[in-house]
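# Results of the structural survey
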Amino acid sequence: MYRFLLTPRWWWINVFVVLAIPFCLFMGSWQLGRFESRVDSHRDQQTQADEARAATAQPLRDLLPVSTETSGRQATATGRYDTGHQLLVPDRDLDDRTGFYVLTLLRTDGGKALPVVRGWLPGDAGSTADTAKVPAPPSGQVTVTGALQASESSTSKGVRASGGLPQGQLGVISAATLVNLVPYGVYDAWITVTKSTGGLTAVPPAAAPNSGLDLKAFQNLGYTGEWFVFAGFVVFMWFRLFRREAETARDIALGITPEQPLGPDDARQKRSPAGAA
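Our subject in this report is the structure included herewith. Because the structure is predicted, anything quoted here is derived from the model rather than measured.

Here the residue pair L64 and P65 is connected by a cis peptide bond, since its omega of -5° sits within 30 degrees of zero. Counting through the fold element by element, P65 comes out in the loop between β1 (58–59) and β2 (74–81). Its identity as a non-glycine residue notwithstanding, D91 has a phi of 60°, on the positive side. Position of D91 among the secondary structure elements: in strand β3 (residues 87–94). Residue D91 is classed as partly exposed on the basis of its relative accessible area, which comes to 39%.

Here the focus is the environment of T145. Mapped onto the elements, T145 comes out in strand β6 (residues 141–149). Judged by relative accessible area, T145 falls into the partly exposed class, the value being 32%. Considered as a pair, T145 and T192 are 47 residues apart in the sequence and their alpha carbons are 8.2 Å apart.

The subject of this paragraph is the side chain of T224. With respect to the element layout, T224 can be found in helix α4 (residues 215–253). By relative accessible area, T224 is classed as buried at 5%. One polar contact links the side chain of T224 to the main-chain carbonyl oxygen of N220, over a distance of 2.9 Å. The contact partners of T224, leaving out residues within four places of it in the chain, are G28, Q31 and L32.

Thresholds applied
Per chain, the residues get numbers from 1 upward, laid out in the order the sequence is written. Confidence filtering applies because this is a predicted model: local features only for residues at pLDDT of at least 70, side-chain atom pairs given and counted only at 80 or more, and all residues used for totals across whole chains, interfaces and linings. Side-chain numbers here rest on the full set of heavy atoms in the structure, without hydrogens or water. Only DSSP runs of H or I with at least four residues qualify as helices, and only runs of E with at least two residues qualify as strands; both kinds are numbered from the N terminus onward. Here's how the labels work: a residue is buried when its accessible area is under 20% of the maximum for its type, exposed when over 50%, partly exposed in between, all with a 1.4 Å probe on protein chains only. Pairs of N or O atoms are called polar contacts if they sit within 3.5 Å, as long as, within protein, a hydrogen donor faces a hydrogen acceptor (for residues adjacent in sequence, only side-chain-to-side-chain pairs). By definition in these notes, contact holds between two residues if any of their heavy atoms fall within 4.5 Å.

Following this line, the structure appears as structure tokens:
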């Protein structure tokens, strides 16, 4: 009755099923592992952020290059603010309000400059009234302490393209952008000061890139469900085909043959009364 399973057609069907089910299960497990890794990374980042806030500040050179372990750590740097290259970073939200960052380059003793976000102000970076509230940076040699941050990219949260911005504004806080604006080298990192002065609000540090529960993490979870559904669908279709073939084989064994379609002559005779006579 089940000899149809030995036909070439069913050999191909069985081979496909045997290969497809493990593949779907493997891909589903892999996507689930990616999601769990992102959850663990997010949990570790939260722990590191708590530890970073309580840890003693370290010299900038000891924390570079920025990594998921050093992002958010308290760093110190000594130098002089370059008052001629103070920049405003527009369209940055804080506590559900829109405003702008005040960024000043700190010329360190090492020769390179460190971008320092001295704080945040509400308003429009293009408004003269709002920018008039920006306090001047401290003069002379200063030691700055703040949370170390990785350079932003065009896909970072809150950034906007630098193209089309007025002079004195910056869309992306990154060394690649700043080296085109200043005549000296810039560290591939920046810090946001712990305590702001002059009416500025301190900007809280952001999580390290690829360490949070972002859209990609939940995409991994969605793909997990899709692959497991595919595996179930393959099993369902195999059983459906098998049952149909088994029922057909049983009917043939009982002498019940499937109804054959009418030929052209048979169909004509069935429609014609004369043919019926």
